[in-house]
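Results of the structural survey
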Amino acid sequence: MSLKQSYTLIAPLYDIFVAAATRGLRKRSLAVLPADAPRDVLLLGVGTGLDLPHLPPQHRYVGLDLTAAMLKQARPRAAALDCALLRGDAQHLPFRAASFDSVILHLILTVVPEPTFCIAEVARVLRPGGQVLILDKFLRPGEGGWKRWLNPVTRRTATRLDVVFEEVMESAGDLQVTSNEPLLAGGWFRQIQLEKPTS
Ligand SMILES: C[S@@+](CC[C@H](N)C(=O)[O-])C[C@H]1O[C@@H](n2cnc3c(N)ncnc32)[C@H](O)[C@@H]1O
């Protein structure tokens, strides 16, 4: 089964299992989005749009996802914002360089097969001075255990469990980590912010 097939099956049930558990984490991560002049904001792997109700209304949003069934669930939430939804691959973005002021990566960097491709694309499409907001689960360098054992099954159906953030950052170009905080499950889940320097 491919990830697209799997998320097509998951789509109608996703919110039931994920919405309540992640609401507080999303609000906290998205609270740092500037609430001043309108900006261009990209949500990669937007899914059913659980982030959308927490976004400031003045920005222009693009939500990209591989799975049509997930985007269908997101549509009513997107209608309340200036938000275009489109199908695409977060590892190969259909945007020009320096197109966005902010990129939101909530539960997507560890879902795509190649997170290094994804972060390299984020670095390309982000404008200088732009920010990246990450919410996800990462192993520490050298960490092993049950997550690596389960990974061959979960990576095809829902998510990778073996992604080390520091290894992903090796492909992040000039993006710099400005914040990296443990959230849940002994720091497995983290809230991370990156910035692209202005010069
Ligand atoms: C765990 S869900 C996260 C959804 C949302 N970001 C959230 O926080 O609830 C992962 C999402 O990534 C999407 N996805 C999987 N592979 C992708 C890819 N290569 N490019 C874009 N989206 C992808 C899935 O369809 C699914 O909607």
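So, a few notes on the structure that sits alongside this text. Keep in mind the model is a prediction, meaning the values are calculated, not measured. (Residues numbered from 1 in each chain as written. Predicted model: local features only at pLDDT ≥ 70, side-chain atom pairs only at ≥ 80, totals over all residues. Heavy atoms only, no water.)

Section: the overall build of the protein chain
This is how it is decided: Helix numbering and strand numbering both begin at the N terminus, where a helix is a DSSP run of H or I of at least 4 residues and a strand a DSSP run of E of at least 2. Remark: exposure states derive from per-residue accessible area (1.4 Å probe, protein chains only) relative to the maximum for the residue type, with buried under 20%, exposed over 50%, and partly exposed in between. What makes two residues a contact is simply this: any of their non-hydrogen atoms within 4.5 Å. Computed with a 1.4 Å probe, the accessible areas rest on the Shrake-Rupley method; for each residue, only the protein chains presented here act as cover.
Within the protein chain one finds five helices and seven strands. Referenced to the eigenvectors of the C-alpha coordinate spread, the extents of the protein chain come out at roughly 45 × 40 × 30 Å. Within the span of the protein chain, comprising 199 residues, buried residues form 51% of the whole. The long-range fraction of contacts in the protein chain, counting pairs at least 24 apart against all pairs at least 6 apart in sequence, stands at 66%. Of the roughly 9400 Å² of accessible surface on the protein chain, a fraction of 58% belongs to carbon and sulfur atoms.

Some points on the pairing of strand E5 (residues 126–137)
Note the cut-off: Strand pairing is defined by DSSP finding a minimum of two bridges between the two strands. Call a crossover right-handed when, viewed with both strands pointing away from you, the route from the first strand across the helix to the second goes clockwise.
Counted residue by residue, E5 has nine buried out of 12 residues, so it is predominantly covered. Across six bridges, strand E4 (residues 100–106) lies against E5 in parallel orientation. Note that in E5 the partner of serine 102 across the bridge is glutamine 131. In this view, the connection linking E4 to its parallel neighbour E5 by way of helix H3 (residues 115–125) has right-handed handedness. Two elements, E5 and strand E7 (residues 189–195), share seven bridges in a ladder whose sense is antiparallel.

Observations regarding the site of the ligand
Put simply, the rule reads: We call a residue near a given molecule or strand whenever any one of its heavy atoms falls within 4 Å of it. Definition of a polar contact: a pair of N or O atoms within 3.5 Å, with one able to donate and the other able to accept a hydrogen when the atoms are protein atoms, and with sequence-neighbouring residues admitted only if both atoms are side-chain atoms.
The environment of the ligand is formed by 19 residues, the closest being Tyr14, Gly45, Asp65, Thr67 and His106. In the environment of the ligand, an oxygen atom lies 2.7 Å from a nitrogen or oxygen atom belonging to the side chain of tyrosine 14. Interatomic distance of 2.8 Å between a side-chain N/O atom of arginine 26 and an oxygen atom of the ligand. Looking at which element gives the most residues to the shell around the ligand, the answer is helix H1 (residues 3–30), with three residues.

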